[in-house]
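If you want the building blocks of each chain, they are given just below.
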Amino acid sequence: RLKFGNVSLLPTYTFLHSLEKGEKVFFLDNAGKECEVKMLGVTDALPNGQRSVLLEINGEPRVVSVQDESVAAEGSAAKEKADPINQGSVGSSLSGVVVAIKASKGDSVEKGQALATMSAMKMETTVTAPITGVVERVAVQQGDSIDV
């Protein structure tokens, strides 16, 4: 709910499958008002992974910008962010370059253990594990540019 709002208001099929161009969906919003959403189209992705979704909501045209996670941001690992809901998801606190990776997939880590080192404007900072656990995956490599 923090990331997407109350998706329980959407019909199950719409939640599980994206709308096709020209397709409409009807549902009641939080206030009990009937809403009609029609998919008009989706633009090609920009190099940073942004797309515009063109919708008609209750007859009014709307444009919503979304991040397409399947498109790699040009020269940057910024497209994927730490999940604020998952306490084990780790992100950098600053934009910069990954200068060292100190943990690999499958490694056991302790809370506070160094996972990576970032460099920005001649300043280095350590990215640490927020909890004790096992590394499921590492989404960056040494040399990647990260945008927060």
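Rules used throughout
Residues numbered from 1 in each chain as written. Predicted model: local features only at pLDDT ≥ 70, side-chain atom pairs only at ≥ 80, totals over all residues. Heavy atoms only, no water. Helix = DSSP H or I, 4+ residues; strand = E, 2+ residues; numbered from the N terminus. Buried < 20%, exposed > 50% of the residue type's maximum accessible area, 1.4 Å probe, protein only. Polar contact = N/O pair within 3.5 Å; in protein donor to acceptor, adjacent residues only side chain to side chain. Contact = heavy atoms within 4.5 Å. Pairing = 2+ DSSP bridges. Axes fitted to C-alpha atoms, helices over the stretch in contact; angles between N-to-C directions. Core = buried A, V, L, I, M, F, W, Y, C linked by side-chain atoms within 4.5 Å. Salt bridge = Lys/Arg side-chain N within 4 Å of Asp/Glu carboxyl O.

Visitor: Looking at this structure, I do not really get the side chain of Thr117. What am I missing?
Guide: Structurally, Thr117 is set in strand 7 (residues 114-120). Accessibility expressed as a relative area gives 7% for Thr117, which makes it buried. In this structure the side chain of Thr117 is engaged in a polar contact, spanning 3.2 Å, whose partner is the side chain of Lys102. Discounting residues that sit within four places of it in the chain, Thr117 has contacts with Val97, Val98, Val99, Ala100, Lys102, Glu124 and Thr125.

Visitor: I would appreciate a short explanation of the sheet that holds strand 1 (residues 24-28) in the present structure.
Guide: Read across the open sheet, the four strands follow the order 1-2-3-4; overall the sheet is antiparallel. Each of the sheet's edge strands pairs with one partner strand only, and the pair in question is strand 1 and strand 4 (60-67). If you compare each strand with its neighbour and ignore which way they point, the axes differ by 30 degrees on average. Looking at chain direction, strand 2 (residues 34-42) and strand 3 (residues 50-57) are connected through five bridges and run antiparallel. Bridge assignment links Lys38 to a residue of strand 3, and that residue is Glu56.

Visitor: I would appreciate a short explanation of the nonpolar core in the present structure.
Guide: Looking at soluble globular proteins, one finds that nonpolar side chains tend to be buried together. Ranked by size, the top nonpolar core spans eight residues in total: Leu19, Val25, Phe27, Cys35, Val37, Met39, Val53 and Leu55. Those elements that place two or more of their residues in this core are strand 1, strand 2 and strand 3. Among the elements that take part in this core, strand 2 stands out by supplying three residues, more than any other. Discounting residues that sit within four places of it in the chain, Phe27 has contacts with Leu9, Leu10, Pro11, Lys33, Glu34, Cys35 and Val37. Membership of the second largest hydrophobic core comes to seven residues, among which are Leu94, Val98, Ala116 and Ile146.

Visitor: Mind showing me how you'd approach the pattern of salt bridges here?
Guide: Pairing of side chains with opposite charge becomes possible as their charged atoms draw close. Applying the stated criterion to the full structure yields one salt bridge. Ionic pairing is found between Lys24 and Glu36, a salt bridge with its closest N-O pair at 3.3 Å. Here Glu36 lies in strand 2 and Lys24 lies in strand 1, a separation of 12 residues in the sequence. Overall, the relative accessible area of 43% leaves Lys24 in the partly exposed class. For Glu36, a relative accessible area of 23% translates into the label partly exposed.

In short, the description is geometric, and any link to function would need to be established separately.
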